[in-house]
Each structure stands twice: as structure tokens, then as C-alpha cells.
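Coordinate analysis (summary)
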Amino acid sequence: MAILPTVDHVTAEPVPDFEIVIWQTNDAKGDMPPEEFIAYCRRVVQVADQQGSDRR
């Protein structure tokens, strides 16, 4: 299975408004309760922050 991003529509307005989301996150958003998804998102940010500081 390829790990490709998906397009996640934010609104139904005539002007396109969407986000590119990796499939694991899109899957998690649909499968997790809100509290668990928010914890997942916080962990993603934490890892990104750590990787960013490692690159400096």
C-alpha cells in the first residue's frame, strides 16, 4: 500500500478550501474519539518539534 496524502475538504463553499492529509491521520480522524485524536495530534506536533530542534 502506498503512503500517499489525501485531500480533506474543510468546507462545502464554492471556493476550494481543503487540506492535504496523510492517510494515517485521515483514518485516525474517522476512527478515534475526539479526545484520542487530539492527543494523537499533540504527539505529532511534539515529534515534529523534536525533529526540528535536532536539525538546528
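First, a word on what this report is: a plain description of the structure on this page.

What counts as what
- Residues numbered from 1 in each chain as written.
- Predicted model: local features only at pLDDT ≥ 70, side-chain atom pairs only at ≥ 80, totals over all residues.
- Heavy atoms only, no water.
- Helix = DSSP H or I, 4+ residues; strand = E, 2+ residues; numbered from the N terminus.
- Contact = heavy atoms within 4.5 Å.
- Areas by Shrake-Rupley, 256 points an atom, 1.4 Å probe, with all protein chains shown as cover.
- Buried < 20%, exposed > 50% of the residue type's maximum accessible area, 1.4 Å probe, protein only.

If you tally the helices and strands in the chain, you get two helices and two strands. Secondary structure elements of the chain, listed N to C terminal, follow the sequence β-β-α-α. Considering only contacts within the chain whose residues lie at least 6 apart along the sequence, 0% involve residues at least 24 apart. In the form shown here, the chain has an accessible surface area of approximately 4,900 Å², with 58% of it arising from carbon and sulfur atoms.

Considering the arrangement of structural elements, one finds threonine 25 in helix 1 (residues 23–31). The buried category is assigned to threonine 25, whose relative accessible area is 19%.

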